[in-house]
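Survey of secondary and tertiary structure
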Amino acid sequence: MSSLRILFLGDVVGEPGRRAVIANLDRFREEQLVDFIIVNGENAAGGRGITPRITIDLLRAGAAVVTTGDHVWDQSEIVDYFPTEPRLLRPLNYPPGTPGAGSVVLETAKGRVAVVQVQGRSFMQPPLENPFIAVEAEVDRLLADGVRMIFVEIHAETTSEKIAMGRMLDGKASFVVGTHTHVQTADDSIFPGGTGYMTDAGMCGPEESVLGRAVESVVWRFKTGLPTRFPVAKGSVRLCGVIADLDPETGRCLAVRRVSDLIENEAVEPSADQSQAP
Ligand SMILES: [Fe+2]
Ligand SMILES: [Fe+2]
């Protein structure tokens, strides 16, 4: 059977980010022959969280799974929506009883694909259960269940925590990708045990920005220390992520390459998105 090609796109920031993602998923599928798309939507609603409407829009545009992160609960309406949509993930290492799930298995024409999201603990809020223990148990459960293609996202601040997660899962997971910093790393690789890896996918957000927010407001905050708002920046959007080819039989990663596409988008309307923290 031919390999399964996964496209993962990093944190979608605000209206410019989600417009560019929604407008380009079909192109990825057709031009890059992508079979399965995962999108991190934790900043899709004005930079803060995600709404049910935006989740539906991303799924309809072609995302198979939408993940989140530390901003998961920023839009309170998402809490009650979680139990209704298994393709929307929150970090796995929330305590038992938390709405939603951190893992999902979907059937594809090339076999079952599991997507797991976990949140790191170094410089991250809120402090969650140990992500290494949680992920190891979940991946072992999936393997015992016969799932071979297992894609793990670690939403974390530090490179060390993400690399350690990738190395721990080498030979078990098909791919481990990091998110949250919004800055893409150049270490896309395949570990000795066959697990593909990249420390951070980067974001899908305005190119001329500070992590997707308007430059002036963030610089002003750093200079003055005074409270301010951080509007989502405007202009052309860079779509950042990774494409990985997986062997459906073994789950091993066969190929990996970074995605960093600048989408010239003069037509994007000025964004009304406002928010308070990058
Ligand atoms: Fe983010
Ligand atoms: Fe985050």
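Scroll up a little and you will see the structure.
Here's a quick rundown of the structure.

Calculation notes
- Residues numbered from 1 in each chain as written.
- Chains lettered and ligands numbered in written order.
- Predicted model: local features only at pLDDT ≥ 70, side-chain atom pairs only at ≥ 80, totals over all residues.
- Heavy atoms only, no water.
- Donors = N, O, S within 2.8 Å, 3.2 Å for Na, K, Ca; no water.
- Tetrahedral: all angles 85-135°; square planar, octahedral: opposite > 155°, others 65-115°.
- Helix = DSSP H or I, 4+ residues; strand = E, 2+ residues; numbered from the N terminus.
- Buried < 20%, exposed > 50% of the residue type's maximum accessible area, 1.4 Å probe, protein only.
- Phe/Tyr/Trp six-rings, centres within 6.5 Å; stacked < 30°, edge-to-face > 60°.
- Expected span 1.5 Å × (residues − 1).
- Arc of directions from axis to C-beta.
- Contact = heavy atoms within 4.5 Å.
- Polar contact = N/O pair within 3.5 Å; in protein donor to acceptor, adjacent residues only side chain to side chain.
- Salt bridge = Lys/Arg side-chain N within 4 Å of Asp/Glu carboxyl O.
- Core = buried A, V, L, I, M, F, W, Y, C linked by side-chain atoms within 4.5 Å.
- Axes fitted to C-alpha atoms, helices over the stretch in contact; angles between N-to-C directions.
- Parallel < 35°, antiparallel > 145°, perpendicular 65-115°, else oblique.
- Left-handed = near helix turned anticlockwise from the far one by under 90°.
- Nonpolar A, V, L, I, M, F, W, Y, C, P; charged D, E, K, R; others polar.

Bound to the iron ion (ligand 1) on the protein side are Asp11 (OD), Glu42 (OE), Asn43 (OD1) and His182 (NE2), at distances that span 2.1 to 2.2 Å. Given 4 donor atoms and angles of 86 to 172° at the metal, the environment of the iron ion (ligand 1) is assigned as irregular. Spacing between the donor residues of the iron ion (ligand 1) along their common chain follows D-x30-E-N-x138-H. Separating the iron ion (ligand 1) from the iron ion (ligand 2) is a gap of 3.5 Å, which Glu42 spans by donating to each of them. Remark: His182 occurs in the loop between strand 7 (175–179) and strand 8 (189–190) and Asp11 occurs in the loop between strand 1 (4–9) and helix 1 (14–31); sequence separation between them is 171 residues. There is no split in this pair, since Asp11 and His182 are both buried.

Turning our eyes to something else, we now look at the packing of aromatic side chains. In the structure shown here, the tally under the stated rule is 5 aromatic pairs. Note on Trp73 and Tyr94: the rings are 5.6 Å apart at their centroids and 80° apart in plane angle, and the pair reads as edge-to-face. Residue Trp73 is located in the loop between strand 3 (65–67) and helix 3 (78–81), and its partner Tyr94 is located in the loop between helix 3 and strand 4 (103–108); the two are separated by 21 residues in the primary sequence. Under the relative-accessibility criterion, Trp73 is labelled partly exposed at 24%. Look at Phe191 and Tyr197: their rings are 5.0 Å apart centre to centre, the planes differ by 20°, and that puts the pair in the stacked class.

What follows covers helix 4 (residues 131–144). Between its first and last C-alpha, helix 4 extends 20 Å over 14 residues, near the 20 Å set by a 1.5 Å rise per residue. Looking at helix 4, one finds that the buried residues are Pro131, Val135, Glu138, Val139 and Leu142. Buried positions in helix 4, seen along its axis, are confined to an arc of 95° and lie on one side of it. The exposed residues of helix 4 that point more than 90 degrees off its buried face are Ile133 and Ala144. The elements touched by buried residues of helix 4 are strand 4, strand 5 (111–119), strand 6 (149–155) and helix 5 (159–168). N-cap assignment for helix 4: the residue whose side-chain oxygen lies 2.8 Å from the backbone N of Phe132 is Asn130. Where helix 4 terminates, the next one or two residues include Gly146, which has phi positive at roughly 90°.

As a further point, take the coordination of the iron ion (ligand 2). Donor atoms from the polypeptide that bind the iron ion (ligand 2) are Glu42 (OE), Asp70 (OD), His155 (NE2) and His180 (ND1), placed at 2.1 to 2.2 Å. The coordination sphere of the iron ion (ligand 2) comprises 4 donor atoms, whose angles at the metal cover 84 to 144°; the geometry is irregular.

This paragraph deals with the pattern of salt bridges. All told, the structure shown has 14 salt bridges when counted by the stated rule. Between Asp188 and Arg258 there is a salt bridge whose closest N-O contact spans 2.8 Å. Taken together, the residues Asp188 in the loop between strand 7 and strand 8 and Arg258 in strand 12 (residues 253–263) connect sequence positions 70 residues apart. Relative accessible area serves as the criterion here: at 40%, Arg258 is assigned to the partly exposed category. It is possible to trace a salt-bridge network through shared partners that takes in Arg27, Glu31 and Asp261.

Looking at where Glu153 falls in the secondary structure, it is placed in strand 6. Spatially, the C-alpha atom of Glu153 lies 16 Å from that of Cys204, the residues being 51 residues apart in sequence. In this structure, Glu153 is in contact with Phe8, Asn40, Thr67, Thr68, Val116, Gln117, Val118, Val177 and Thr179, ignoring residues within four places of it in sequence. A polar atom in the side chain of Glu153 sits 2.5 Å from the side chain of Thr179.

Attention now goes to the nonpolar core. Of all hydrophobic cores here, the largest spans 32 residues; its most connected members are Leu7, Val21, Leu25, Val39 and Leu239. Within the residue set of this core, elements represented by two or more residues are strand 1, helix 1, strand 2 (36–40), helix 2 (52–61), helix 3, strand 11 (237–246) and strand 12. Residues contacting Val21, with those up to four places away along its chain left out, are Leu9, Val12, Val39, Leu58, Cys204 and Leu239. Grouped together as the second largest cluster of nonpolar side chains are 23 residues, Phe8, Val113, Ala244 and Leu246 included.

This next bit is on the packing of helix 1 against helix 2. Between helix 1 and helix 2, whose axes approach to 9 Å, the crossing angle comes to 20°. Relative to helix 2, the element helix 1 is oriented roughly parallel. Crossing of helix 1 over helix 2 shows right-handed handedness. Along the contact surface, helix 1 presents Arg18, Val21, Ile22, Leu25, Asp26 and Arg29, while helix 2 presents Ile54, Asp57, Leu58 and Ala61. Across the contact of helix 1 with helix 2, the residue classes tally to 6 nonpolar, no polar and 4 charged.

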